[in-house]
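Architecture and fold: a report
Here are the chains, one letter per residue:
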Amino acid sequence: MPNKDGLSNRIRRLRFDHDEMTQQALAERTGVSRQTIIAIESGKYTPSLVLGIRIARVFGVSVEDVFELVSES
Amino acid sequence: MHIQEQRAWFVLIVMILTLVLYGGTVALIGFQPAALAAFGFTGLAGGAPLIGRRDEKRGLVVSDERDREISRQAVLVSFSIFWLVFIAAALLPMFILGTETSLNLQAGTLPAVVFPAVVLVYLVQSLTTIVLYRRGGHAE
């Protein structure tokens, strides 16, 4: 479900597909706190471009495979 | 609870206790300069960074881009409110008393204004931080 910025993400799905990677493991690999990963996953926080790229690299996919801009508004 | 939120709670509690202490002192001795000593209690807020030091030493991330964004917004809100109060405090006497009226202020009046202003800034800043963490820290 998209957040206020119209951005939706597939992080939970991607974590599951990567040996059920924990939020803590993803946080450590991207250099943020677990709470930030939780906030991004739940759509409460829109990450910076740099963090978006870092998350995509962890999963070995492109940024647009992780995030989707549903609304242009 | 996030470490930054814990730190904000700590600062908020210290500021509330400071105001309670100041109020209690004023109730006991009146608006004496000695009552301002209660604001020394705000110094305890300097202990806030000690919260989460263990996690920091363990190499865990205690502050990232979301925390910085929340911190930035909290500072912005607190100084906006401080500025409003400051402008109101500067202009209201002029509107009430007129521009030609001269005020005879005692030297002790200045710290009696500055200390509560500092408490106001930290109070609003910590409160905003807590609210933003509760709301998820969405950067808007």
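These numbers come from a predicted model, not from an experiment. (Residues numbered from 1 in each chain as written. Chains lettered and ligands numbered in written order. Predicted model: local features only at pLDDT ≥ 70, side-chain atom pairs only at ≥ 80, totals over all residues.)

Focus on the overall build of chain A
How we decide: Where helices and strands are cited, they refer to DSSP runs of H or I of at least four residues and of E of at least two residues respectively, numbered from the N terminus. Based on C-alpha atoms, the radius of gyration is set beside the globule rule, defined as 2.2 Å times the residue count to the power 0.38. Around each residue's C-beta, the other C-beta atoms within 10 Å are counted; 20 or more make the residue buried, 12 or fewer make it exposed, and counts in between make it partly exposed. All C-beta atoms are placed from the backbone. Note on contacts: each residue gets a C-beta atom placed from the backbone, and two residues are in contact if those atoms are within 7 Å.
For chain A, the count of helices and strands is 5 helices and 2 strands. Along chain A, helices (α) and strands (β) appear in the sequence β-α-α-α-α-α-β when read from the amino end. For a compact globule of 73 residues, the expected C-alpha radius of gyration is about 11 Å, and chain A comes in at 11 Å, within 12% of that figure. With respect to the principal axes defined by its C-alpha atoms, chain A has extents near 35 × 20 × 20 Å. Taking all 73 residues of chain A together, the buried fraction comes to 25%. Considering only contacts in chain A between residues 6 or more positions apart, those separated by 24 or more positions represent 56%.

Describing the nonpolar core
Residues and elements named next belong to chain B. Basically, it comes down to this: A set of buried residues qualifies as a nonpolar core if it consists of Ala, Val, Leu, Ile, Met, Phe, Trp, Tyr and Cys joined through C-beta atoms within 7 Å.
Among the nonpolar cores identified, the biggest contains 14 residues, and Val11, Met15, Tyr122 and Leu123 are the most heavily contacted of them. Of all the secondary-structure elements, those providing two or more residues to this core are helix H1 (3–29), helix H3 (65–97) and helix H4 (109–134). When residues in this core are grouped by element, the largest group, 7 residues, is from H4. Those residues in contact with Leu123, other than ones at most four positions away along the chain, are Leu12 and Met15.

Side note on the confidence of the model for chain B
All names here are of chain B. The test is simple: Confidence scores here are pLDDT values: one per residue, from the predictor, ranging 0 to 100.
Confidence in the prediction of chain B, expressed as mean pLDDT, is 87, and 97% of residues score 70 or more. Mean pLDDT across the elements of chain B ranges from a minimum in helix H2 (residues 53–57), with 81, to a maximum in H1, with 92. Among the scores for the predicted complex, ipTM is 0.79 and pTM is 0.79.

Things to note about unusual backbone geometry
Residue and element names in this part refer to chain A. In the Ramachandran plot, Asp19 falls in the positive-phi region, its phi being about 55° despite a non-glycine side chain. At Glu20, a residue that is not glycine, the phi angle is positive and equals roughly 50°. Topologically, Glu20 is positioned in the loop between helix H1 (11–17) and helix H2 (23–30). Overall, the presence of 8 C-beta atoms within 10 Å leaves Glu20 in the exposed class.

Focus: the interface of chain B and chain A
When the parts come together, some accessible area is lost, and that loss is often what is quoted as the size of the interface. Formally: For this scheme, ten residues count as nonpolar: Ala, Val, Leu, Ile, Met, Phe, Trp, Tyr, Cys and Pro. Four count as charged, namely Asp, Glu, Lys and Arg, and the remainder, Gly too, count as polar.
Every contact between the two is made by 11 residues of chain B and, on the other side, 14 residues of chain A. Its residues assigned to classes, the side of chain B that touches chain A comprises 3 nonpolar, 4 polar and 4 charged.

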